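# Chains, contacts and geometry: an overview
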Amino acid sequence: MEIRVITASPLSEQEKRKIEKVFADKHKGESVSFRYESDSSVIGGLLIIDGDDFYDATLRRQLGNLKSHDEPASEIIKRKCKEKGVSEFDAIHELLAEKVQGYKNERDRIKAGRVYYSGDGVIRIHGLNDVRYDELLDADGVKAIALNLEENEVGAIVLDDEDKVKAGTIVRATGNIVEVPVGEQLLGRVISPLGEPMDGLGALSASGTRPIEAPAPAIPDRGKVNSPLQTGIMAIDAMIPIGKGQRELIIGDRQTGKTSIALDTIINQKGKNVYCVYVAIGQKASTVSAFVHTLNEYDAMKYTVVVCSTARDSSPMQYIAPYAGCAIAEEFMYSGKDVLIVYDDLSKHAVAYRAMSLLLKRPPGREAYPGDIFYLHSRLLERAAKLSDQLGGGSMTALPIVETLAGDISAYVPTNIISITDGQIYLESELFNAGVRPALNVGLSVSRVGSSAQIKGMKKVSGKLRLDLSQYRELIVFTQFGSELDPVTQRMLDQGARATEMLKQDLNAPLDVEHQIILLYITMKEMLLKVPVNKISSFKKQFTDYLDANGGKFIEAIRSTGDLTMEAQIELEEFVEKFLELYNR
């Protein structure tokens, strides 16, 4: 066995004999050799490496532990030398005397290891036999996470600049996991998954930190999901309602409006006392920049935190991004607040994890994903919940986004996440290309919370909407044969076409639930059959303006009671008839 002794300057023969005697007694009966090395970076003292045991009594370590200074220890030493005219050695000892009370040059035994391979953001370490899964490692100032615990080595992923970690670098276990800053001070900021600012607005001043990994709330700690989180998108709020504390998947092919739904939902939370966290995973930096610009334009960044890991970032950074965002959202939730978190998107997150796993030489499974790919997302999404009143009644609503290929929702990652979430909003390319926005497939979209997350007024007007649209889509297929239609079928087609047009919505134009209820009421009462289909869009805009100007009592009644009473329905129908007379002139 070889024991390495590293010092700033060569040791005397007498000092060597003392060290050799100590370790000869420790390894009695074993063949032991000693290798002496000089390294000026240790400043003073000595580092002895005996297998997996590191005896670090260097001045570099002592100076590195001085957290109270705002400036690096090396700068303090230079300043003391200049101010007091003393040597560097005297300045070091003076600093230690001030900040390390009772310091003695004793051997500090720590568990550590040494890197023997570094590449592609992955390091392999000899030693660290007591390290735990997901533990944060310190590789000479560079952060890493232990993910592979094997018999003779530890595999870890590097979070900082991987070029700083080379073969031979000493790696220490910290006993902690990665933490991120949390608190209301983060609102309006764009940060990295490690909590570093990316918006050029200066340093962060957070109220505390939270570990990125945390257990999900237990079943007794959860409350009922019965309060609606309004997206502002009429088709979703009416047919696929989302409750506070729910996990609703947004799924569809590329360029079908998935991120647009998330963006409109965030914009619609203005004035509703809901904080938002948007996590960009593997997105282009220009796309994230445009997203943030839109949020600023609609004054939504005031209540939003953006956690950004772009396509240029390493796989480890993309891997921890959603967990970092979830930790930030949890701080709000456990403070009794309602919070919405968007993961955009988890298919890129799964790809990043697959790349890491293959580099760590984990055995691949279906579609080359590792065996724990389900656990990757289940432990993340289970943290979204509605807390019980005893825990403050806060909630975290998750909107994970998944991208499909050619509409295949039976692929590995989509089926995994569908089974974890409480429903899905499925966006269809054909509908999108046909001009239906949002391109919602009513048949494949579902909310397992259902009408329990709707107010009374919305329940009344949306009950038949899904069925009517489904029948309309089926009837369209038969009309392609050109056969004659009976009056009832023709009326269903006319009504379905107008309902489809009414549900179309422009980008970044969310509607209040009061306006949604009134528009759906007049649609489901078939009051628009006299309006041509191609004019429904202009009718909708003009009627909404007329309603805001003259129908305040209807909006206020729904806002105060959450319901559309029988008396209000009669008055509303008269109100609409008056407008139709003006509109048809």
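The shown structure was predicted, so the numbers you read here are calculated from the model rather than taken from an experiment.

Our focus in this paragraph is the overall build of the chain. Across its full length, the chain carries 19 helices and 20 strands. Over its C-alpha atoms the chain spans a radius of gyration of 31 Å, topping by over 25% the 25 Å that the globule rule assigns to 585 residues. Overall, the C-alpha framework of the chain stretches about 110 × 55 × 45 Å when taken along its three principal axes. Going through the 585 residues of the chain one by one, you find that 51% of them count as buried. Partitioning the intrachain contacts of the chain with sequence separation of at least 6 by distance along the chain shows that 73% fall at a separation of at least 24. In the form shown here, the chain has an accessible surface area of approximately 27400 Å², with 50% of it arising from carbon and sulfur atoms.

This part covers helix H11 (residues 412–420). Each α-helix winds once per 3.6 residues, and so residues spaced three or four apart point in a common direction. For H11, the tally of buried residues reaches seven of nine residues, placing the bulk of the element in the interior. Taken together, the buried positions of H11 are occupied by Tyr412, Val413, Pro414, Asn416, Ile417, Ile418 and Ile420.

For the coordinates displayed, the defined rule picks out 15 aromatic pairs. Judged by centre distance (5.4 Å) and plane angle (65°), the rings of Phe543 and Phe579 are edge-to-face. Remark: Phe579 occurs in helix H19 (residues 566–583) and Phe543 occurs in helix H17 (residues 536–550); sequence separation between them is 36 residues. The class of Phe543 is buried, set by a relative accessible area of 0%. Among the aromatic residues, ring-to-ring pairing joins Phe539, Phe543, Tyr546, Phe554, Phe575, Phe579 and Tyr583 into one connected group. Positioned above the aromatic ring of Tyr36 is the side chain of Lys16, whose terminal nitrogen or guanidinium carbon lies 4.7 Å from the ring centre.

A few words on unusual backbone geometry. Look at the link from Asp344 to Asp345: it is a cis peptide, with omega at -5°. Residue position: Asp345 is located in the loop between strand S17 (338–344) and helix H9 (346–359). Put simply, Arg437 and Pro438 share a cis peptide bond, and its omega is 0°. For Pro438, the location among the structural elements is in the loop between helix H12 (429–433) and strand S20 (446–447). Unusually for a residue other than glycine, Leu128 sits at a positive phi of about 55°. Relative to the helices and strands, Leu128 is located in the loop between strand S6 (122–127) and strand S7 (136–139). Take Leu128: its relative accessible area is 3%, and that puts it in the buried class.

The next thing to look at is the nonpolar core. Met239, Val277, Ile328 and Phe543 are the most contacted members of the largest nonpolar core, which has 128 residues in total. Sorting elements by how many residues they give to this core places helix H8 (residues 315–333) first, with 12 residues. The contact partners of Val277, leaving out residues within four places of it in the chain, are Val305, Val307, Gly325, Ile328, Ala329, Phe332, Val339, Leu340, Ile341 and Val342. Residues Val131, Val142, Ala144 and Val158 belong to the second largest nonpolar core, which totals 15 residues.

Here we take up the confidence of the model for the chain. Summing up the model confidence of the chain, the mean pLDDT is 89 and the portion of residues at 70 or higher is 94%. Residue range residues 99–107 is modelled with pLDDT below 50. Its contacts to residues more than four positions away, or to other chains, number 15 contacts.

As a further point, take the environment of Gly551. Position of Gly551 relative to the elements: it lies in the loop between H17 and helix H18 (552–561). Sequence-wise, Gly551 and Leu572 are 21 residues apart; in three dimensions their C-alpha atoms are separated by 8.6 Å. If we ignore the near neighbours within four places in the chain, the residues touching Gly551 are Tyr546 and Phe575.

What follows concerns the pattern of salt bridges. With the rule as written, the count across this model stands at 27 salt bridges. Of the charged contacts in the structure, one is a salt bridge between Arg383 and Glu330, with a shortest N-O distance of 2.8 Å. Placement of Arg383 in the loop between helix H10 (373–381) and strand S18 (395–403) and of Glu330 in helix H8 is noted, with a sequence separation of 53 residues between them. Overall, Arg383 belongs to the buried group, its relative accessible area being 0%. A salt bridge links Lys504 to Glu501; its shortest N-O distance comes to 2.8 Å. The exposure class assigned to Lys504 is partly exposed, which follows from its relative accessible area of 24%. Salt bridges here are not isolated pairs; linked through shared partners, they connect Glu2, Arg4, Arg35 and Glu37.

All right, on to the pairing of strand S4 (residues 53–56) then. Because side chains alternate across S4, one face comprises the buried residues Asp53 and Tyr55, and the other comprises Phe54 and Asp56, equally buried. Sheet topology note: the strand S3 (residues 46–50)/S4 ladder contains four bridges and is antiparallel. Along S4, the bridge assignment pairs Asp50 with Asp53.

On the surface, a nonpolar cluster with roughly 360 Å² of combined accessible area is contributed by Val477, Phe478 and Phe481. You can see Phe481 is positioned in the loop between helix H14 (465–479) and helix H15 (487–503). Taking relative accessible area as the criterion, Phe481 reaches 67% and is therefore assigned exposed.

With that out of the way, let us pick up the packing of H9 against H10. H10 packs onto H9 with a crossing angle of 135° between their chain directions and a minimal axis gap of 10 Å. With respect to each other, H9 and H10 are oriented oblique. Judged by the sense of rotation from one axis to the other, the crossing of H9 with H10 is right-handed. Along the contact surface, H9 presents Leu346, His349, Ala350 and Tyr353, while H10 presents Ile373, Leu376, His377, Leu380 and Leu381. Of the residues in the contact of H9 with H10, the class split is seven nonpolar, two polar and no charged.

Cut-offs used in this document
- Residues numbered from 1 in each chain as written.
- Predicted model: local features only at pLDDT ≥ 70, side-chain atom pairs only at ≥ 80, totals over all residues.
- Heavy atoms only, no water.
- Helix = DSSP H or I, 4+ residues; strand = E, 2+ residues; numbered from the N terminus.
- Rg over C-alpha atoms; globule rule 2.2 N^0.38 Å.
- Buried < 20%, exposed > 50% of the residue type's maximum accessible area, 1.4 Å probe, protein only.
- Contact = heavy atoms within 4.5 Å.
- Areas by Shrake-Rupley, 256 points an atom, 1.4 Å probe, with all protein chains shown as cover.
- Phe/Tyr/Trp six-rings, centres within 6.5 Å; stacked < 30°, edge-to-face > 60°.
- Lys NZ or Arg CZ within 6 Å of the ring centre and 35° of its normal.
- Core = buried A, V, L, I, M, F, W, Y, C linked by side-chain atoms within 4.5 Å.
- pLDDT = per-residue confidence, 0-100.
- Salt bridge = Lys/Arg side-chain N within 4 Å of Asp/Glu carboxyl O.
- Pairing = 2+ DSSP bridges.
- Patch = residues over 30% accessible without salt bridge, like charges linked within 9 Å, V, L, I, M, F, W, Y side chains within 5 Å.
- Axes fitted to C-alpha atoms, helices over the stretch in contact; angles between N-to-C directions.
- Parallel < 35°, antiparallel > 145°, perpendicular 65-115°, else oblique.
- Left-handed = near helix turned anticlockwise from the far one by under 90°.
- Nonpolar A, V, L, I, M, F, W, Y, C, P; charged D, E, K, R; others polar.

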